[in-house]
Amino acid sequence: MTLTADPRAGFTTGLFIDGAWSEGAETFDDLNPATGEVLVKVANASPEDVDRAVRAARAALDGVWGETPGVGRAVLLNRLADLVERDAQQLARLEALDVGKPVGQPGLLDVPNTVATFRHFAGWADKIQGSTIPTAGYLGMAKTHSYTVREPVGVIGAIVPWNTPLMIAAWKLGPALAAGNTVVVKPAEDAPLSILHLGRLIEEAGFPAGVVNIVPGLGGIAGAALVAHPDVDKISFTGSPEVGRQIQKSAADTFKRVTLELGGKSPQIVCEDADLDAAIQGIAMGLFFNQGEVCAAGTRILVHRSHYETVVNALAEAAEAQVLGDPFAESTTMGALINEGQRKRVLEYIEKGKAEGARVVAGGGKPDQPGFFVRPTIFADVDNGSTIAREEIFGPVGAVIPFDTVEEAIAIANDTEYGLAATIWTRDVSLAHSLASKVRAGAVWVNGWAALDPALPWGGMKTSGIGRELGWSGILANTEEKVVTIVL
Ligand code: NAD
């Protein structure tokens with residue numbers, strides 16, 4: 001199927017609850033960011049729909065899914081990975097159409113990473129072990145035998161943002177299902193289509209009814225209902241710090257477990273001995289990939305003063321070379337921002353950067369074309385205390401800051417409320433390890449931006465979040481540890 005020829009053909013737009021699809025009493029408009037036009041109407045889950053989904057998830061947990069051994073869960077996750085791989089092109093097209101990103105990008109990252117995530121967690125599903133722990137015995141009267149088991153947390157509410165919806169849904173579903181939980185997924189209202197297609201694949205793979213439920217809807221209604229629901233055991237949230245804060249407060253009422261994957265203002269540190277060509281290429285990718293709508297975007301570029309003008313000029317050139325346009329055109333290298341509100345926000349930041357005295361060396365506004373495009377923008381001579389260096393912009397805007405010593409670079413890198421990721425460009429292996437140990441960030445990449453893998457824990461420090469997803473850490477975050485002691 002070619003989605004460009006008839007974009008509406010094959011869209012899945014309903015609610016997926018207890019193994020069945022339904023229309024929903026209301027709909028919301030899902031827009032095409034590249035044109036600004038309505039793409040399709042999608043079911044708008046009500047609090048009652050969310051309640052039905054949670055009840056279905058609980059019933060599955062207490063029933064057939066609770067009885068499914070790890071090896072059975074692994075078979076299903078592997079089957080799902082195969083189906084995502086089968087539909088890779090269609091999923092990449094859905095992601096491009098719904099998010100506005102160039103179609104090659106989901107083909108490079110989102111879809112293969114989704115396949116890899118399901119395969120990785122299929123591998124864990126039958127290997128979730130406890131331990132036996134020697135103790136001193138029971139009150140001096142008897143010996144004891146103690147062991148631990150890791151049990152599923154229960155019903156998990158997975159709340160997903162719009163920037164890389166399929167991949168982030170997989171990051172939540174993979175570990176949750178491997179560990180034996182059931183899930184209610186709330187996709188973002190701006191980009192639900194790839195997750196709804198994934199629902200079709202979950203059905204085809206043969207997951208029992210109610211194990212995964214999908215409730216597209218508005219954050220303040222469907223999302224809030226999921227967070228407040230007394231029978232949801234955990235919320236796994238990826239999104240903005242503002243909403244993350246509200247979720248943590250609301251989840252406290254029912255003592256839900258919470259993992260929060262939030263925003264970032266990640267530094268890229270270009271050391272004096274860096275391979276400049278590689279650094280410039282990696283920095284440009286870290287700024288413009290996914291239109292800069294990436295939590296780990298490397299938006300604060302700290303450059304040793306000896307290379308400062310070279311890097312500024314090269315990034316300006318890279319920004320001007322970006323081709324904005326139809327996500328399906330081969331020439332397009334950068335797509336549209338997700339909606340008009342996001343574009344307005346990014347343009348306001350650009351104006352603020354100018355007003356606060358930073359030097360615009362590329363971009364600095366919007367092009368004259370339909371859709372929610374913003375010109376990729378590079379600011380030089382940025383003060384790390386200024387708004388554009390402190391706040392997450394979530395658009396293609398970079399701030400370049402000079403430094404003289406590595407101590408200064410680390411001080412600037414850490415002078416932020418965020419702590420999601422950092423990239424270090426150096427050929428000196430000792431310096432790389434030394435800087436990596438000093439940066440306060442959940443992920444540090446040396447000589448490459450965004451080296452992601454489902455085997456590696458993912459999450460942030462400070463305002464960037466709480467907890468970790470992926471790898472064994474993802475299994476820990478989706479299980480409760482129980483200790484059993486037998487008095488012998
Ligand atoms: P957002 O916080 O506006 O929305 C995220 C999700 O939360 C959406 O599904 C939304 O409908 C839902 N939501 C909104 N209000 C809610 C409420 N009151 N209760 C429950 N759910 C609610 O974020 P966004 O604009 O979709 O995404 C951009 C943000 O996500 C950026 O800050 C970005 O850095 C962050 N992000 C983080 C990561 C990470 O892994 N750390 C990855 C991607 C995006």
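Placed above this text is the structure.
Here is a short report on the structure shown in this document.

About the thresholds
Residues numbered from 1 in each chain as written. Predicted model: local features only at pLDDT ≥ 70, side-chain atom pairs only at ≥ 80, totals over all residues. Heavy atoms only, no water. Axes fitted to C-alpha atoms, helices over the stretch in contact; angles between N-to-C directions. Helix = DSSP H or I, 4+ residues; strand = E, 2+ residues; numbered from the N terminus. Parallel < 35°, antiparallel > 145°, perpendicular 65-115°, else oblique. Left-handed = near helix turned anticlockwise from the far one by under 90°. Contact = heavy atoms within 4.5 Å. Nonpolar A, V, L, I, M, F, W, Y, C, P; charged D, E, K, R; others polar. Salt bridge = Lys/Arg side-chain N within 4 Å of Asp/Glu carboxyl O. 1 Å grid on protein atoms, 1.4 Å probe; cavity = no way out; pocket = protein on both sides within 12 Å on 5 of 7 lines; lining within 4 Å. Points joined across faces, edges and corners; volume = space filled by probe spheres on them.

**Brief notes about the packing of helix α5 (residues 165-178) against helix α6 (residues 193-205)**
With their axes 8 Å apart at the nearest point, α5 and α6 run at an angle of 50° to one another. If you check the angle between α5 and α6, you find them oblique. Of the two elements, α5 crosses α6, and the hand of that crossing is right-handed. Contact residues: α5 offers Pro-165, Leu-166, Ala-169 and Leu-173, while α6 offers Ser-194, Ile-195, Leu-198 and Ile-202. Taken together, the residues of the contact of α5 with α6 break down into seven nonpolar, one polar and no charged.

**Points about the pattern of salt bridges**
Applying the stated criterion across every chain yields a total of 25 salt bridges. Across the salt bridge formed by Lys-127 and Asp-126, the nearest N and O atoms sit 2.7 Å from each other. Taken together, the shared-partner salt bridges connect Arg-58, Asp-231 and Asp-233 into one network.

**Quick look at empty space enclosed by the protein**
Per the counting criterion, the structure on display carries three cavities of 30 Å³ or more. Of the voids in this model, the largest cavity is the one considered here, and its volume is about 70 Å³. Around the largest cavity sit 14 residues that line it, and Lys-234, Ser-236, Thr-259, Glu-469 and Asn-478 are the ones nearest its centre. Secondary-structure elements contributing two or more residues to the lining of the largest cavity are α5, β10 (234-238) and α15 (471-477). No other element matches α5, which puts four residues into the lining of the largest cavity. Across the lining of the largest cavity, the residue classes break down as six nonpolar, four polar and four charged.

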